[in-house]
Amino acid sequence: MTKIMTRRTAEWLLFCVTIVASAGWLFTKNALTEFTPYTFLAIRFLLASIVLLIFCWSSLRTLDSGQVAKAIGTGAILAVSLLVWVLGIHQTASIGEGSFIVSLTVVFVPLVGRVLFGDKLEPRLLLALIPAIAGLALLALKNGLTVETPQLLFLTSTVGFAIHVSLTGRYVQKMPALPMASIQLAVVGVMAALVAMMLEGWEVNVSNSAWGWLICSAIIATSLRFALQTRALQFVDATHAGMIFILEPVWTAGLGALFLMERMTAMQMLGCVLIFMALITYRASWLFEIVAKLRK
């Protein structure tokens, strides 16, 4: 009974993670009305890494040089992806659309695994690619056959996120998760700070409300999200968790409509629905397992 309750609690934690993650898009969009993109990213991730370090300092000191190198390397990949992503958020008129594009990371991960490690592709992935490509095509057709800059930025960052997830998923099997994450977040913060100093300068003159949005992004959407997610994944397998994570772009679109007054055209909505269908198709095996258990 305890195991069932623990699993159920973990599922609710992951449900909360999807809401926290979607709120992160809203926090970021609001903060970027005053912060420059790279300065915002630098402060957010340096602050988030410090918060995580407080909870994992002792285990961080146990990492060997090889583990530190892997954490730094994957952190650099994450940093480049986020540097592209934050530009997408800064320029987009719809965080909902952007979140649906980025949600395709879950579909791109096995493709990256195939390219980097020769992993076998499952038929359900190939089926999922059909609505995914159709959905992206509809988003590109919004204003004729053109791909808008934010859409291209989100799609590029999605590939980077998929590479990061694929490598991190392999490395974290042999090293503690929180120390690895704290190093990755620190690398993102340092790289973003260097880019900010080169391209934006390092002068921060913003309102208290903008600082509030940034702190929410760092503490709630980064540190808290990762802490809850890591805890929950100790009791829920990755496939099950992936099905729950599908909710994130839905919440993001809702928050964008509610707080930012974003409205999607019929073409955009259909494109997002097709992308959502792609995620459902890819995770369909989990649904079949549930049905099979219910029949027993």
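(A) Representation of the overall build of the chain in the model. Per the secondary structure count, the chain includes 13 helices and zero strands. Going from the N terminus to the C terminus, the chain shows its helices and strands as α-α-α-α-α-α-α-α-α-α-α-α-α. If you take every contact in the chain between residues at least 6 apart in sequence, the share linking residues at least 24 apart comes to 89%. As displayed, the chain offers around 14700 Å² of accessible surface, 70% of which is attributable to carbon and sulfur atoms.

(B) The arrangement of the packing of aromatic side chains in detail. Taken as a whole, this structure holds seven aromatic pairs when the rule is applied. On the numbers, 5.7 Å between centres and 45° between planes, the contact of Trp-25 with Phe-154 is tilted. Of the two residues, Trp-25 sits in helix α1 (residues 2–31) while Phe-154 sits in helix α7 (residues 149–171), which places them 129 residues apart along the sequence. With respect to class, Trp-25 is no different from Phe-154; both count as buried. Centroid distance Phe-35 to Trp-211: 5.1 Å. Interplanar angle 90°. Geometry classified as edge-to-face. Here Phe-35 is found in the loop between α1 and α2 (37–60), whereas its partner Trp-211 is found in helix α9 (residues 208–232), with 176 residues between them in sequence. Overall, Phe-35 belongs to the buried group, its relative accessible area being 3%. Among the aromatic residues, ring-to-ring pairing joins Trp-12, Phe-15 and Trp-251 into one connected group. Just above the ring of Phe-117 sits the side chain of Arg-170; from NZ or CZ to the centre is 3.7 Å.

(C) Spatial organisation of the layout of surface pockets. Estimates place the volume of the second largest pocket at around 180 Å³. For the lining of the second largest pocket, a count of residues per class yields seven nonpolar, two polar and two charged.

(D) Region of interest: helix α5 (residues 105–117). With 13 residues, α5 extends 17 Å between its outermost C-alpha atoms, agreeing within 8% with the 18 Å of an ideal straight helix rising 1.5 Å per residue. Among the residues making up α5, those that are buried are Thr-105, Val-106, Val-107, Phe-108, Pro-110, Val-112 and Gly-113. In this fold, the buried residues of α5 make contact with α4 (95–102), α6 (123–140), α7 and α12 (266–282). Once α5 ends, the next one or two residues include Gly-118, with phi positive near 70°.

(E) Structural view of a nonpolar patch on the surface. Taken together, the side chains of Val-190, Leu-194, Met-197, Met-198, Leu-199 and Trp-202 present a nonpolar region at the surface, about 670 Å² in accessible area. Structurally, Val-190 can be placed in helix α8 (residues 177–199).

(F) Representation of the confidence of the model for the chain within the structure. Looking at the chain, pLDDT values average 85 and 89% of them are 70 or higher. By mean pLDDT, helix α13 (residues 284–295) is the weakest element of the chain at 56, and helix α3 (residues 65–91) is the strongest at 95. A low-confidence stretch, residues 1–5 stays under pLDDT 50, and its non-local contacts, those more than four residues away or across chains, total zero contacts.

(G) Seen up close, the packing of α8 against α9. Contact pair α8 / α9: the axes reach a minimum separation of 11 Å and the direction vectors enclose 155°. On the basis of the axis angle, α8 is roughly antiparallel to α9. As for how α8 packs across α9, the hand of that crossing is right-handed. Between α8 and α9, the contacting residues are Ala-177, Leu-178, Ala-181 and Leu-185 on the first element and Thr-222, Phe-226 and Thr-230 on the second. Residue composition of the contact of α8 with α9, grouped by class: five nonpolar, two polar and no charged.

(H) Local environment of the pattern of salt bridges. Per the counting criterion, the structure on display carries two salt bridges. Arg-170 is the partner of Asp-119 in a salt bridge, and the nearest nitrogen-oxygen pair spans 2.7 Å. One end of the pair, Asp-119, is in the loop between α5 and α6; the other, Arg-170, is in helix α7, with 51 residues separating them in the sequence. The shortest N-O distance in the salt bridge between Glu-248 and Arg-225 comes to 3.9 Å. Taken together, the positions of Glu-248 in helix α11 (residues 247–259) and Arg-225 in helix α9 put the pair 23 residues apart, joining distant regions of the chain.

Rules behind the numbers
- Residues numbered from 1 in each chain as written.
- Predicted model: local features only at pLDDT ≥ 70, side-chain atom pairs only at ≥ 80, totals over all residues.
- Heavy atoms only, no water.
- Helix = DSSP H or I, 4+ residues; strand = E, 2+ residues; numbered from the N terminus.
- Contact = heavy atoms within 4.5 Å.
- Areas by Shrake-Rupley, 256 points an atom, 1.4 Å probe, with all protein chains shown as cover.
- Phe/Tyr/Trp six-rings, centres within 6.5 Å; stacked < 30°, edge-to-face > 60°.
- Buried < 20%, exposed > 50% of the residue type's maximum accessible area, 1.4 Å probe, protein only.
- Lys NZ or Arg CZ within 6 Å of the ring centre and 35° of its normal.
- 1 Å grid on protein atoms, 1.4 Å probe; cavity = no way out; pocket = protein on both sides within 12 Å on 5 of 7 lines; lining within 4 Å.
- Points joined across faces, edges and corners; volume = space filled by probe spheres on them.
- Nonpolar A, V, L, I, M, F, W, Y, C, P; charged D, E, K, R; others polar.
- Expected span 1.5 Å × (residues − 1).
- Patch = residues over 30% accessible without salt bridge, like charges linked within 9 Å, V, L, I, M, F, W, Y side chains within 5 Å.
- Salt bridge = Lys/Arg side-chain N within 4 Å of Asp/Glu carboxyl O.
- pLDDT = per-residue confidence, 0-100.
- Axes fitted to C-alpha atoms, helices over the stretch in contact; angles between N-to-C directions.
- Parallel < 35°, antiparallel > 145°, perpendicular 65-115°, else oblique.
- Left-handed = near helix turned anticlockwise from the far one by under 90°.

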